[in-house]
Amino acid sequence: MKKLIIINGPNLNLLGKREPNIYGSLSFTEFLEQVKQKYTHVEIDYFQSNIEGELIDKLHEVGFNHDGIILNAAAYTHTSVGIGDAIKAIDTPVVEVHISNTFNREEFRHQSYISPNARGVILGFGLQSYELAIQSF
C-alpha cells in the first residue's frame, strides 16, 4: 500500500468558507473523507498549518518515509525559499497542487519556489487537483 501525505498551507483550513467562488463550498475535511473512501488502496495522511516553519518541519519529518507528498503551500508557494529548499533536501517526491489556476490570478502568484524542486505541478482543477496528484503516484 502506498503511503502519501497531503500537506496544506495557510488559510486552506478555511476551505468551504473562504471565497467559495474560487475554492468551492466543500470543506477539506469533507473532501478528504470522500478521497479516502475512493482510494482505499492508498494510505493518505494529512497535515495543515498556517505557519511556514511547521510546514518545513513536516516536510523534514515525512520526507524520507512516505511514497509521495502532495503539497499545496498556498501563499507560501510564492514567497518561501525555505519550503523550496526543504523539498530539495528530502528524498520523497513532491507534487505541487493548487485549487485555482494561479496564472489566472494576480501576477505575484505566477512565481513558485516549489515548482523547480517538485516532481510535477497540478493546478486549476479545484479540489480534483488533489485527486490527480494521488493518481500520479
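Residues numbered from 1 in each chain as written. Predicted model: local features only at pLDDT ≥ 70, side-chain atom pairs only at ≥ 80, totals over all residues. Heavy atoms only, no water.

We count it as follows: UniProt positions are given in the numbering used here, feature names are shortened, and annotations may be inferred rather than shown by experiment.
An unreviewed UniProt entry lists the chain under the name 3-dehydroquinate dehydratase, with Flavivirga spongiicola given as the organism. Checking UniProt for the chain, the heading Subunit (unreviewed entry) contains the comment "Homododecamer." Its UniProt record gives the chain a comment under Pathway (unreviewed entry), which states: "Metabolic intermediate biosynthesis; chorismate biosynthesis; chorismate from D-erythrose 4-phosphate and phosphoenolpyruvate: step 3/7."

A short note on the sheet that holds strand E1 (residues 2-8)
The condition is simple: At least two bridges found by DSSP between two strands is the condition for calling them paired. Numbered from the N terminus, helices here are DSSP runs of H or I no shorter than four residues, and strands are runs of E no shorter than two. To get an axis, fit a line to the C-alpha atoms, keeping to the stretch in contact for a helix; angles then go from 0 to 180 degrees between the N-to-C directions. Contacts between residues were defined by any pair of non-hydrogen atoms, one from each residue, lying within 4.5 Å.
Reading across the sheet, the five strands line up as E2-E1-E3-E4-E5 and stay open at both edges, with parallel pairing between neighbours. This sheet does not close on itself; its edge strands, each paired only once, are strand E2 (42-48) and strand E5 (120-123). Between one strand and the next, the sheet's axes are offset by a mean angle of 20°, whatever the strand orientation. Pairing between E1 and strand E3 (residues 68-72): five bridges, direction parallel. Each residue of the ladder has a partner; that of Ile5, found in E3, is Ile69. In the packing of helix H2 (residues 28-38) onto the sheet, the strands contacted are E1 and E2, and the crossing angle to E2 comes to about 170°. Relative to the sheet, helix H5 (residues 128-136) contacts E1, E2, E3, strand E4 (94-98) and E5, its axis offset from that of E4 by approximately 165°.

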